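Spelled out, the chains give:
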Amino acid sequence: MVSTTLKVVAPDGLTGDAVNQLTNELSKYQFKIMLKYQGTTTVATSSLGVMSLGVPSGANFELSVDGTTDQLEKIVQTLVDSKMVERL
C-alpha cells in the first residue's frame, strides 16, 4: 500500500457535495482506496464512511491505495484538479 498526505481546500471540508464528488471520482478506480484522518480509516468510495471522518477545510489527511505509486499519483491529480485538495 502506498500513501500520501493531502490538505482539504474544499470550503466546507469533506461534507455533503464535496463527499459525493469525491466518492464518485474515486469509484471509477478498480483498486482499494483508503482515507485516514485523526487515527480513523475508511474506504474512500463510501460516502457515509468519508462523512463520518468529519474532515474540515484546512485539515490534513492521509490517502492510500492498494496499488502502485502511479495509481496513487493519478488519484491525487484527479482530486487536485477538482479543487478539493492540495498537495503538501
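Residues numbered from 1 in each chain as written. Predicted model: local features only at pLDDT ≥ 70, side-chain atom pairs only at ≥ 80, totals over all residues. Heavy atoms only, no water.

Under the annotation held in an unreviewed UniProt entry, the protein chain carries the name Phosphocarrier protein HPr and is attributed to Secundilactobacillus pentosiphilus.

Draft legend 1. Expanded view of the packing of aromatic side chains. Counted under the stated rule, the structure contains 1 aromatic pair. Centroid distance Tyr29 to Phe31: 5.6 Å. Interplanar angle 45°. Geometry classified as tilted. Each member of the pair, Tyr29 together with Phe31, is buried. (Phe/Tyr/Trp six-rings, centres within 6.5 Å; stacked < 30°, edge-to-face > 60°. Buried < 20%, exposed > 50% of the residue type's maximum accessible area, 1.4 Å probe, protein only.)

Draft legend 2. Inspection of the pairing of strand E3 (residues 40-43) at higher detail. Summarising the sheet, strand E2 (residues 33-37) and E3 pair through 4 bridges and their orientation is antiparallel. Each residue of the ladder has a partner; that of Met34, found in E3, is Val43. With antiparallel pairing between neighbouring strands as the criterion, E2 and E3 make up a hairpin whose turn holds 2 residues, including Gln38 at a positive phi of roughly 50°. (Pairing = 2+ DSSP bridges. Helix = DSSP H or I, 4+ residues; strand = E, 2+ residues; numbered from the N terminus.)

Draft legend 3. Here's a closer look at the UniProt feature "domain: HPr" (unreviewed entry) in the protein chain. Taken from the UniProt record, the annotation "domain: HPr" (unreviewed entry) applies to residues 1-88. Each end of residues 1-88 is marked by a C-alpha atom, and these two atoms are 19 Å apart; helix forms 35% of the span and strand 28%. (UniProt positions renumbered as here; feature names shortened; annotations may be inferred.)

Draft legend 4. Up close: helix H1 (residues 16-26). Those residues of H1 that fall on the buried side of the exposure criterion are Ala18, Val19, Leu22, Thr23 and Leu26. One face of H1 carries all of its buried residues, which in axial projection span an arc of 125°. Facing away from the buried side of H1 by over 90 degrees, the exposed positions are Asp17 and Asn24. Buried residues in H1 make contact with E2, helix H2 (47-53) and helix H3 (69-81). (Arc of directions from axis to C-beta. Contact = heavy atoms within 4.5 Å.)

Draft legend 5. Seen up close, the pairing of E2. Taking burial as the measure, the 5 residues of E2 include 4 buried ones, the bulk of the element. With 4 bridges joining them, E2 and strand E4 (residues 60-65) adopt antiparallel strand pairing. By the bridge assignment, Lys36 is partnered in E4 with Glu62.

Draft legend 6. Representation of the nonpolar core. In this structure, Ile33, Phe61, Leu63, Ile75 and Leu79 are the most contacted members of the largest nonpolar core, which totals 27 residues. When residues of this core are traced back to their parent elements, those giving at least two are strand E1 (2-8), H1, E2, H2, E4 and H3. Contact partners of Leu63, with chain neighbours within four places excluded, come to Val2, Ser3, Thr4, Leu6, Ile33, Met34, Leu35, Leu72, Ile75, Val76 and Leu79. (Core = buried A, V, L, I, M, F, W, Y, C linked by side-chain atoms within 4.5 Å.)

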